[in-house]
Amino acid sequence: MKEVVMLEGENGGVVDPRLQAIKAAIRVVPHFPKPGIMFNDITTMLLRPKVFKDAVEIFVDRYRDMSISAVAGVEARGFIFGPPIALALGAKFIPLRKPKKLPGEVISESYVLEYGTDSLEMHVGAVQPGERVIIIDDLVATGGTLCAAINLLERVGADVVECACLIGLPKFKGGCWLNGKPDKFWLGNIYIQACDPRLQTDMNYCGQAVDV
Amino acid sequence: MACGEDKEQKQDPRIEGIAASIRVVPDFPKKGIEARGFIFGPPIALAIGAKFIPLRKPRKLPGEVISEKYVLEYGTDCLEMHVGAVQPGDHALVVDDLIATGGTLCAAMNLLERAGAEVVECACVIELPELKVHYIRYSS
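Residues numbered from 1 in each chain as written. Chains lettered and ligands numbered in written order. Predicted model: local features only at pLDDT ≥ 70, side-chain atom pairs only at ≥ 80, totals over all residues. Heavy atoms only, no water.

### Points about the overall build of chain A
Piece 1. Summing up its helical and strand segments, chain A has five helices and ten strands in all.
Piece 2. Considering chain A as a whole, with its 212 residues, one finds that 58% of them fall into the buried category.
Piece 3. Taking all contacts inside chain A whose residues are at least 6 apart in sequence as the whole, residues at least 24 apart take part in 66%.
Piece 4. Accessible surface, chain A as shown: approximately 9,000 Å² in total, 55% of it carbon and sulfur. (Helix = DSSP H or I, 4+ residues; strand = E, 2+ residues; numbered from the N terminus. Buried < 20%, exposed > 50% of the residue type's maximum accessible area, 1.4 Å probe, protein only. Contact = heavy atoms within 4.5 Å. Areas by Shrake-Rupley, 256 points an atom, 1.4 Å probe, with all protein chains shown as cover.)

Dropping the structure here:
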């Protein structure tokens, strides 16, 4: 079981000074894409080159010495962070996409949404068995998309070292069960909490329940 | 374009490796290209110390947006940008992986110019020379 990495200190832990600016640069848009959802919008952070650079560096600092040969990014906001991280690590970048976007031969993994299902695709041959891979997305909410991403990569024999997101819901702080499998913890994430905890209830949480 | 149209220019030596690693997949639809610009745009922005602004299909960007329609082979589509992403007078570069008819890039330029930015150039990794005749407006 991998440790959950917390860069935001709690109870006197070490706080990465870059996190403050990153948190401040992310805006929360209420009731998007539907009522009750407080959407964490990273586009405002992308307008601040130094802050965006720091966000990328936080990931790169962590993975630099982990022999990562591939970075998989989840469409579409994972495409904003994944490639700069991959370039800095000298790793491949692998887009994980919604159905019918990737040309040529793909493998597909379904996952459950609040209402209905969706699926994620990856090119056959993008990753070789045994390759060490990290998965990047801007935010983890239910973990459904990341589970699908992990499954895609493991089905082709890759070694998913970690999933890393800039923003995560508090419930991921202590690790969490994925897909009800008790032996498969959340593989670890770097995250910051970018929303006001007073706004969170079971029904009304920060992040997105539907893929936008 | 890095592949110089001026034949007297020496070709950038990196182009051969790039061209060799792009594969052509026959008979695949060209829909949904918003996301591939996200692959190239951010690294370029980071390297030159510029803002990165995602231009997206409708209803993907939260908050206030401006919207620009453009014509497809059948029907129309729409590109959106956040209000306030650019300031009047900003110098902007539009990046995409591929240019076909130029319709999307025109919409992108219009969005930026409506917000008062100056579009310095549109840059794409790949062009489709057979569609060049369809360029409505191509500024460089």
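### A closer look at helix H5 (residues 144–155) of chain A
Residues and elements named next belong to chain A.
Piece 1. Taking 1.5 Å per residue, twelve residues should reach 16 Å; H5 reaches 16 Å between its end C-alpha atoms and fits that length.
Piece 2. Of all twelve residues in H5, ten are buried, a share of seventy percent or more.
Piece 3. Turning to H5, its buried residues are Gly144, Thr145, Leu146, Cys147, Ala148, Ala149, Ile150, Asn151, Leu152 and Leu153.
Piece 4. Phi turns positive, to about 90°, at Gly157, one or two residues after H5. (Expected span 1.5 Å × (residues − 1).)

### Examining the interface of chain B and chain A
Piece 1. Contact residues are listed per partner, giving 26 residues for chain B and 29 residues for chain A.
Piece 2. Carbon and sulfur atoms make up 71% of the surface buried where chain B meets chain A, a total of about 2,200 Å² over both sides.
Piece 3. Taken together, the connections running from chain B to chain A amount to zero salt bridges.
Piece 4. For the pair chain B and chain A, the interface holds four residue pairs in polar contact (both at pLDDT 80 or more).
Piece 5. The element best represented in the side of chain B that touches chain A is helix H2 (residues 37–48) of chain B, accounting for five residues.
Piece 6. Taken together, the residues of the side of chain B that touches chain A sort by class into 15 nonpolar, five polar and six charged. (Buried area = accessible area lost by both parts, 1.4 Å probe. Salt bridge = Lys/Arg side-chain N within 4 Å of Asp/Glu carboxyl O. Polar contact = N/O pair within 3.5 Å; in protein donor to acceptor, adjacent residues only side chain to side chain. Nonpolar A, V, L, I, M, F, W, Y, C, P; charged D, E, K, R; others polar.)

### Some details on empty space enclosed by the protein
Piece 1. Scanning all chains against the criterion turns up two cavities of 30 Å³ or more.
Piece 2. In this structure, the largest cavity occupies an estimated 50 Å³ of space.
Piece 3. Lining the largest cavity, in full, are Phe39, Asp41, Thr43, Arg77 and Ile80 of chain A together with Pro54, Arg56, Lys60, Leu61 and Pro62 of chain B. (1 Å grid on protein atoms, 1.4 Å probe; cavity = no way out; pocket = protein on both sides within 12 Å on 5 of 7 lines; lining within 4 Å. Points joined across faces, edges and corners; volume = space filled by probe spheres on them.)

### Side note on the layout of surface pockets
All names here are of chain B.
Piece 1. Space inside the second largest pocket adds up to approximately 560 Å³.
Piece 2. As for the second largest pocket, its lining consists of 28 residues, and the residues nearest its centre are Phe52, Ile53, Leu93, Val94 and Val95.
Piece 3. Broken down by secondary-structure element, the contributors of at least two residues to the lining of the second largest pocket are H2, strand S3 (91–99) and helix H3 (103–114).
Piece 4. Of the residues belonging to the lining of the second largest pocket, the class tally is 19 nonpolar, four polar and five charged.

### Considerations on the packing of aromatic side chains
All names here are of chain B.
Piece 1. Inspection of every chain in the model, using the stated rule, returns four aromatic pairs over all chains.
Piece 2. Relative to Phe52, the ring of Phe38 lies with its centre 6.0 Å away and its plane at 85°, an arrangement referred to as edge-to-face. Residue Phe38 is found in helix H2, and its partner Phe52 is found in the loop between H2 and strand S1 (65–71); the two are separated by 14 residues along the sequence. Each member of the pair, Phe38 as well as Phe52, carries the same accessibility label: buried. (Phe/Tyr/Trp six-rings, centres within 6.5 Å; stacked < 30°, edge-to-face > 60°.)

### Structural notes on the sheet that holds strand S4 (residues 92–96) of chain A
Residues and elements named next belong to chain A.
Piece 1. Read from one edge of the open sheet, four strands run S4-S3-S7-S8, paired in parallel fashion. What marks the edges here is a single partner per strand, and that holds for S4 and strand S8 (159–168). Averaged over all adjacent pairs, the angle separating strand axes in this sheet is 25°, with direction ignored.
Piece 2. By the bridge criterion, five bridges tie strand S3 (residues 70–74) to S4 in an arrangement that is parallel. Along S4, the bridge assignment pairs Val71 with Phe93. (Pairing = 2+ DSSP bridges. Axes fitted to C-alpha atoms, helices over the stretch in contact; angles between N-to-C directions.)

### Describing the pattern of salt bridges
Pairing between side chains becomes possible if they bear opposite charge and their charged atoms approach one another.
Residue and element names in this part refer to chain A.
Piece 1. On inspection of all chains with the given rule, the structure shows 18 salt bridges over all chains.
Piece 2. Between Asp61 and Arg18 there is a salt bridge, with its nearest N and O atoms 3.2 Å apart. Of this pair, Asp61 sits in helix H3 (residues 49–63) while Arg18 sits in helix H1 (residues 18–25), and the two are 43 residues apart along the sequence.
Piece 3. Of the charged contacts, one joins Asp41 and Arg27 as a salt bridge, the two residues approaching to 2.7 Å between their closest N and O atoms.

### A word on the packing of helix H4 (residues 78–89) of chain A against H2 of chain B
Piece 1. Relative to each other, H4 of chain A and H2 of chain B sit at 60°, their axes nearing to 8 Å. By the angle between their axes, H4 of chain A is oblique relative to H2 of chain B. The way H4 of chain A lies across H2 of chain B gives a crossing that is right-handed. Contact residues: Phe79, Ile80, Pro83, Pro84 and Leu87 of chain A in H4 of chain A; Phe38, Ile39, Pro42, Pro43 and Leu46 of chain B in H2 of chain B.
Piece 2. In terms of residue class, the contact of H4 of chain A with H2 of chain B is made up of ten nonpolar, no polar and no charged. (Parallel < 35°, antiparallel > 145°, perpendicular 65-115°, else oblique. Left-handed = near helix turned anticlockwise from the far one by under 90°.)

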